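A look at the structure
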Amino acid sequence: MDSPVKIPYESFIEINRNSETSIYMQIANQLINAIQRGVLPYGTKLPGTRAFSEVLEIHRNTAVAVYDELSAQGWVESLPNKGTFIIGEHQEKPVKVKDFEKDNLQNYPETTGFSFKTSNILDNPFEHSDCQYVFNDGVPDIRLTQIGQHSRFYSSILRRKSNQKMLGHYNHDGSEFFKEHLSHYLNLSRGLPISKNNLLITRSTEMSIYIVSEILLSAGDTVLVGALSYFSVNMIFQKAGVNIVSLPIDEEGIIVEHVREACKKQKIRMLYLTPHHHYPTTVALSAQRRLELLDLAHEYGFIILEDDYDYEFHYDKSPILPLASADTKGMVIYIGSFGKSLAPGFRTGFIVAPENLMVEMRKYLGIIDRQGDILMERALGEMIEEGEIHRYLKKSLKVYQERRDHFAELLKDNLDECIEFEKPSGGLAFWLEWKVPVNLMQLSRNCAQNNLFIPKTLLYQTKDLTAMRLGFGNLNFEEMEKSIDILSGQVKKML
């Protein structure tokens, strides 16, 4: 066994004198690391504190503190008149110090020592760019959010002594106060005759759909979606092992007769819809088709999963009420987001369903999000109670409507000969179908070289369709004009 004087401690112990961690703890941690990795095996005698301090050029009191720390953690023992020794089980093949470089002890392993399942289905489809101008699929402009006002609500709640007990309170059912006010808000704004017992608060739409799929879907089930559908939801369904069947849509949404024909051919477990503004085409499901789908769901026993991802954004007229508002048979599960127009940290998702299903959903939420965010939910509840949500939404809707109208004018002025589109009645995105042959991936690359980023998730190109979904909500007038100028310029070059 190596004697204390032969072990080159300075070769694997590095001291950072600018670190906030004390020097003795830095050394102790690195010695423990060496012990754990077999560089200092069982029975190794450590040098005396005076010799150790000389080797590492530290004060002897620091060396004493290092040994005390190792002893307190149970890594070494001091024997009278003999010295300090490493405690542990015998190793058949101790690792030699010369086989290790300093980086070997300080770096985390690059790979696991075991095998595991990987999933191509869940590969992240989102891209990022440093371009100055960016199109997205329709998200709000964070610059419009009244962060100061939102922060005051949250800060006020934190300062109240009556709320401090919430900081250590685990309640995966969420804030009862928020659910009470949210249920009232949804009743008034969306015609949902629910109570707080019909609500589950989640972090996002994706979390909501994941919980629903875990409870209600089994491998081999058949799920109907629109011929073009939200890719993140399809990823969740594919991970659940279900069969996804795409059905055609037209200017009134999904075609009911195709749903009926699918039900006659096989057992359908679920129909996924974005009826307010179909993703990605933005068309609204007509009132007549909504009633027909509810009748079909009752007749054939399939679940309707209604995703109202952008219900808050409507401009020209009052939106059609959700299917869930007319559901009397308990066939619809309604999911949505609240506060989408607020700062990102103030947004939340929710699920509306009958109480017996809520019992099971709360079990799953208790596993994946047991803590929740009670204080934030309390702040959102007070924003509803005091009318702040209504005031802010009214103000932001005016801005987004102006942006929608300006974006439509820019598209018409610059690309009218190349595209077809309908000005959406709500939402924060346009659906453009190309009348001329153009390679959208190449167009995206050309735009990126000119400081405009168009992610591939916005591009839809098959032998029968060439289309794009372009969000406008995050762009002001100047940014819109520059973005469309770059886009139209590159289109003209390609044509």
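Note that this is a predicted model, so its numbers are computed, not measured.

A word on unusual backbone geometry. Of the consecutive residues Tyr279 and Pro280, the connecting peptide bond is found in the cis state with omega at 10°. Mapped onto the fold, Pro280 is located in the loop between β10 (270–273) and α10 (287–300). A positive phi angle is found at Asn81, which is not glycine, with a value near 65°. Within the secondary structure, Asn81 sits in the loop between β2 (76–79) and β3 (83–86). In the Ramachandran plot, Thr282 falls in the positive-phi region, its phi being about 75° despite a non-glycine side chain.

Moving on: the sheet that holds β3. Read from one edge of the open sheet, 3 strands run β1-β3-β2, paired in antiparallel fashion. Pairing within the sheet leaves two strands with one partner each, and these edge strands are β1 (45–46) and β2. Two strands pair when backbone bridges link them, and β2 and β3 are joined in this way by 4 bridges, in the antiparallel orientation. Bridge pairing links Leu79 to Gly83 in β3.

This brings us to the packing of helix α13 (residues 388–415) against helix α15 (residues 477–494). Where α13 contacts α15, the axes come no closer than 10 Å and their chain directions differ by 25°. In terms of orientation, α13 lies roughly parallel with respect to α15. Crossing of α13 against α15: the hand is right-handed. The residues of α15 that touch α13, namely those facing Glu402, Arg403, His406, Phe407, Leu410, Leu411, Asn414 and Leu415, are Phe477, Met480, Glu481, Ile484, Leu487, Ser488, Val491 and Lys492. When its residues are assigned to classes, the contact of α13 with α15 shows 9 nonpolar, 3 polar and 4 charged.

Before going further, it helps to examine the packing of helix α7 (residues 205–216) against helix α11 (residues 355–368). Running from N to C, α7 and α11 point in directions that differ by 120°, and their axes come no closer than 10 Å. Considering the relative orientation of α7 and α11, their crossing is right-handed. Note on element contacts: α11 touches α7 through Leu357, Glu360, Met361, Tyr364, Leu365 and Ile368, opposite Met207, Ile211, Val212, Glu214, Ile215 and Leu216. A class-by-class count of the residues in the contact of α7 with α11 yields 10 nonpolar, no polar and 2 charged.

The next thing to look at is the environment of Leu186. Mapped onto the secondary structure, Leu186 falls in helix α6 (residues 176–190). By relative accessible area, Leu186 is classed as buried at 0%. Sequence separation of Leu186 and Glu312 is 126 residues, and the distance between their C-alpha atoms is 11 Å. Those residues in contact with Leu186 that sit more than four places away from it in its chain are Gly191, Leu192, Ile194, Leu199, Phe350 and Val352.

About the criteria used
- Residues numbered from 1 in each chain as written.
- Predicted model: local features only at pLDDT ≥ 70, side-chain atom pairs only at ≥ 80, totals over all residues.
- Heavy atoms only, no water.
- Helix = DSSP H or I, 4+ residues; strand = E, 2+ residues; numbered from the N terminus.
- Pairing = 2+ DSSP bridges.
- Axes fitted to C-alpha atoms, helices over the stretch in contact; angles between N-to-C directions.
- Parallel < 35°, antiparallel > 145°, perpendicular 65-115°, else oblique.
- Left-handed = near helix turned anticlockwise from the far one by under 90°.
- Contact = heavy atoms within 4.5 Å.
- Nonpolar A, V, L, I, M, F, W, Y, C, P; charged D, E, K, R; others polar.
- Buried < 20%, exposed > 50% of the residue type's maximum accessible area, 1.4 Å probe, protein only.

By themselves, these figures tell us nothing about what the structure is for.
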